[in-house]
Amino acid sequence: MRIFVLVSLFIAVNASVFAQQFRHIAVKDTISDKAIVLPESLESDVDSLFSGWYLKKYAIIDANCISGSVNIDYPDSVYIQRLSCMPTVIEMPFNQIVKSYITFYTERRRKLVENMMGLGTYYFPIFEQELEKAGLPLELKYLPIIESALRPEATSRAGAAGLWQFMIGTAKILGMEVNSLVDERREPVKSSEMAAHYLKELYNIYNDWGLAIAAYNCGPGNVNKAIRRSGGKDYWEIYNFLPRETRGYLPAFIAANYVMHYYNEHNICPVRTDMPLTTDTVHINEQIHFQQIADVLDIPIDQLRSLNPQYRRDIIPGDSKTRALLLPTQQVYAFIEARDSIVRHQNGLYAKRTTVEPAGYSASNSKVIYHKIRRGDTLSKIAYRYGVTTQEIKRWNHLRGNTLIAGRSLKIYRNKVVSTPQKEEAVKKKFVVASSDSIKNNNNTEVLKSSVETVTQQKKIETLYHKIRSGETLSVIANRYGVSTSNLKKWNGLNSSRIRAGQKLKIQKTVYVKIPVNELSKSSEGREIITNVTEHKVKSGETLAVIASKYGVTVNQLKEWNNLSSSRIQVGQRLKVSGEDVAITQNDYKVEENVNGQAKVKFKYHTVTKGESLWTISKLFPGVTSELIIKANNLGSSSLKVGQVLKIPVG
């Protein structure tokens, strides 16, 4: 009887303890969710991760291990026991959601885990150092596995970037610099320091690591809302009230800790790396491009990018403030010795201009005139009269609108055009102007005598050869010479972007050579080739109709010369305003006198050739305008036909 009572008491006590434990487990350890949303980083393309420069360069892969590795699945009790034995401050409970992530890592993403363990040999010590300085649990070093899969260049669909996936607003609040050239969210040390600071602040708010980790993912506002709506006090009690993408965040973190501790038990073979883990920092006080460093020190540019991912355009803007450059230790002294050579190397390609003159103008020959506004004047009329644009008049006179007041004066800058091959708004290669002198030919017909008064610029193609260095890509070489990668492929018969060190590439550069106009080539038929204005840079507010009217051509001609299927154009776009070079035949210019009372009007006849317009023809005859040609020929419009003969009033 006593024995029965004792056994009954024992069973009752243990049942009570078991019930308490079961109540505790019921919330955390029996929860399940079939609608799991995977963190974005776990959907990463594993091949793109492995194509990272360090893994590609230094990976040591045990092919036998990987090819023969098979996952081993264990009973739930084994997972519970292993999680409870891990030396962590943060609670690591087990449930079916955690198990689903463990299975995901050990089966569907085995290769991702293997590659991340290889990258971890470089990144985990950085994370541990910053977490230790902040007095935080070191197991938080596995958060970037869920955030970015250990890729500094990772950018989420929402715009979060870097190893710790900070949004721009949060990053700036924490004191990180984010602009077009520098993004400290991608810099491992700085971002880890700020992540530790942010996590510490979140823990101080909730005094619970589960809630702090959830807030790191979805923000404190969403966690506070879930607490109010659920009445819960920890992550698992508010689980169903969290955003869907955050519900799997803590389970994924627990699973990442498990896999990093017990990868051997699942036959996962880490990708070992023989990467140079010893690095040092040099301070930069001038603007330097990675390519300058790579060329002079013979360092692969991809290595510089991997060590310094915060520089978004391969430019270190040290001229604005002192910047840090991380280099392998053995290269630091070489950099210090060659610093001046690096800064000077191809400085013209990478230097930023501090001052610039508008194309075709020079400050030394500028002339300011003042136009007094008359009744009926408009900005477009005044601009046309002085050969400038309405936008320029507005800028010079600080005008916001198009309203003009009669009696006031407008400042107009009249500059002589300076011959330059660089970015001219209308590239005037040459107008060949015939003089008013005339001669007699064998048929006693008066013809125009061509005489040249100036020089012209002629386009010339130069061929260069570039020897490919280690680490160079087609895009790097194309940027260096100011050409496109597609042209590089075409010139060198390349079917892909793959190139090798030591290979020579042909590069064609366009240069402009000044030559006397009287040396322009003539064909066997006696036709002198004249290149008219060939390009127009589209300005704000301009349409095809406006441009066509300006040059005396038709909209259809502009479309034909520029292969346009519609009338849509963009500001800054360059348009051809002459389809091809104009050929002048001397026999096309005959002189005829028309007696009108006492006055004698001289006419010359011109046969229209392909690509010509009223405007281009008028420029061949000094003092002749498109309007005079229309009037002399009784034309109803500005449309011309090839072969049409026009009367040109020349005197």
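A quick note: this is a predicted structure, and the numbers were derived from the prediction, not measured. (Residues numbered from 1 in each chain as written. Predicted model: local features only at pLDDT ≥ 70, side-chain atom pairs only at ≥ 80, totals over all residues. Heavy atoms only, no water.)

Draft legend 1. Structural view of the overall build of the protein chain. What the protein chain contains, in helices and strands, is 27 helices and 19 strands. Per-residue burial over the protein chain gives 43% buried out of 651 residues. Summarising the internal contacts of the protein chain: among those between residues at least 6 apart in sequence, 67% fall at separations of at least 24. Only carbon and sulfur atoms are counted for the fraction: they give 49% of the accessible area of the protein chain, which is about 36000 Å². (Helix = DSSP H or I, 4+ residues; strand = E, 2+ residues; numbered from the N terminus. Buried < 20%, exposed > 50% of the residue type's maximum accessible area, 1.4 Å probe, protein only. Contact = heavy atoms within 4.5 Å. Areas by Shrake-Rupley, 256 points an atom, 1.4 Å probe, with all protein chains shown as cover.)

Draft legend 2. Focus on the packing of aromatic side chains. Scanning the entire structure with this criterion turns up 20 aromatic pairs. Measuring from ring centre to ring centre gives 6.0 Å for Tyr79 and Phe94, while their planes differ by 10 degrees; the resulting arrangement is stacked. Of this pair, Tyr79 sits in helix H5 (residues 76-85) while Phe94 sits in the loop between H5 and helix H6 (96-108); the two residues are 15 residues apart in sequence, bridging distant segments of the chain. For the residue pair Tyr79 and Phe94, the accessibility class agrees, reading buried in each case. Residues Tyr258 and Tyr262 carry aromatic rings whose centres are separated by 5.1 Å and whose planes lie at 40 degrees to one another, so their mutual orientation is tilted. Highlighted residues: Tyr258 and Tyr262, both in helix H14 (residues 249-262), separated by four residues, approximately one helical turn. In this pair, the class of Tyr258 matches that of Tyr262, namely buried. Following the ring pairs from residue to residue traces out a cluster consisting of Tyr122, Tyr123, Phe124, Phe127, Tyr142, Trp164, Phe166, Tyr198 and Tyr216. In this arrangement the basic side chain of Arg82 is found over the ring face of Tyr74, its NZ or CZ atom lying 4.1 Å from the centre. Positioned above the aromatic ring of Phe124, the side-chain terminus of Lys141 is 5.6 Å from the ring centre. (Phe/Tyr/Trp six-rings, centres within 6.5 Å; stacked < 30°, edge-to-face > 60°. Lys NZ or Arg CZ within 6 Å of the ring centre and 35° of its normal.)

Draft legend 3. Seen up close, the side chain of Gln165. Inspection of the secondary structure assignment puts Gln165 in the loop between helix H8 (143-148) and helix H9 (168-173). Given the relative accessible area of 13%, Gln165 is considered buried. In terms of polar contacts, Gln165 uses its side chain to reach the backbone carbonyl oxygen of Gly162, at 2.8 Å. If we skip the residues at most four places from it in the chain, Gln165 touches Glu147, Ser148, Ala154, Thr155, Ser156 and Ala160. (Polar contact = N/O pair within 3.5 Å; in protein donor to acceptor, adjacent residues only side chain to side chain.)

Draft legend 4. Structural view of the nonpolar core. Judged by nonpolar contacts, the single largest core of 76 residues is most densely connected at Leu140, Phe166 and Phe253. Where this core is concerned, the elements lending two or more residues are H5, H6, helix H7 (110-134), H8, helix H10 (188-206), helix H11 (209-218), helix H12 (220-230) and H14. Among the nonpolar cores identified, the runner-up in size contains 19 residues, and Val282, Ala294, Leu304 and Ile316 belong to it. (Core = buried A, V, L, I, M, F, W, Y, C linked by side-chain atoms within 4.5 Å.)

Draft legend 5. Looking closely at the environment of Gln330. Of note, Gln330 is situated in helix H17 (residues 329-337). Note on Gln330: relative accessible area 54%, which makes it exposed. Sequence separation between Gln330 and Thr279 is 51 residues, and the spatial gap between their C-alpha atoms is 8.2 Å.

Draft legend 6. Here's a closer look at the pattern of salt bridges. What the rule picks out here adds up to twelve salt bridges. The salt bridge involving Asp76 is made with Lys99; its shortest N-O contact spans 2.9 Å. Note that Asp76 is positioned in helix H5 and Lys99 in helix H6, a separation of 23 residues in sequence. Judged by relative accessible area, Lys99 falls into the buried class, the value being 19%. (Salt bridge = Lys/Arg side-chain N within 4 Å of Asp/Glu carboxyl O.)

Draft legend 7. Expanded view of the environment of Leu474. Residue position: Leu474 is located in helix H22 (residues 474-481). Excluding its chain neighbours within four sequence positions, the residues that come into contact with Leu474 are Thr485, Leu488, Lys489, Leu494, Ser496, Ser497, Ile499 and Leu505.

Draft legend 8. Looking closely at the confidence of the model for the protein chain. In the predicted model, the protein chain carries a mean pLDDT of 75, and 71% of its residues have values of at least 70. Every residue in residues 46-51 is under pLDDT 50, and counting partners more than four places away or in other chains gives 18 contacts. Overall, residues 416-457 carries pLDDT values under 50, and its contacts beyond four positions in sequence, including any with other chains, amount to 99 contacts. (pLDDT = per-residue confidence, 0-100.)

Draft legend 9. Expanded view of the packing of H5 against H6. It is at 12 Å that the axes of H5 and H6 come closest, and there the two elements cross at 90 degrees. On the basis of their axis angle, the class for H5 and H6 is roughly perpendicular. For the pair H5 and H6, contact is made by Asp76, Tyr79 and Leu83 and by Gln96, Val98, Lys99 and Ile102, respectively. Of the residues belonging to the contact of H5 with H6, the class tally is four nonpolar, one polar and two charged. (Axes fitted to C-alpha atoms, helices over the stretch in contact; angles between N-to-C directions. Parallel < 35°, antiparallel > 145°, perpendicular 65-115°, else oblique. Nonpolar A, V, L, I, M, F, W, Y, C, P; charged D, E, K, R; others polar.)

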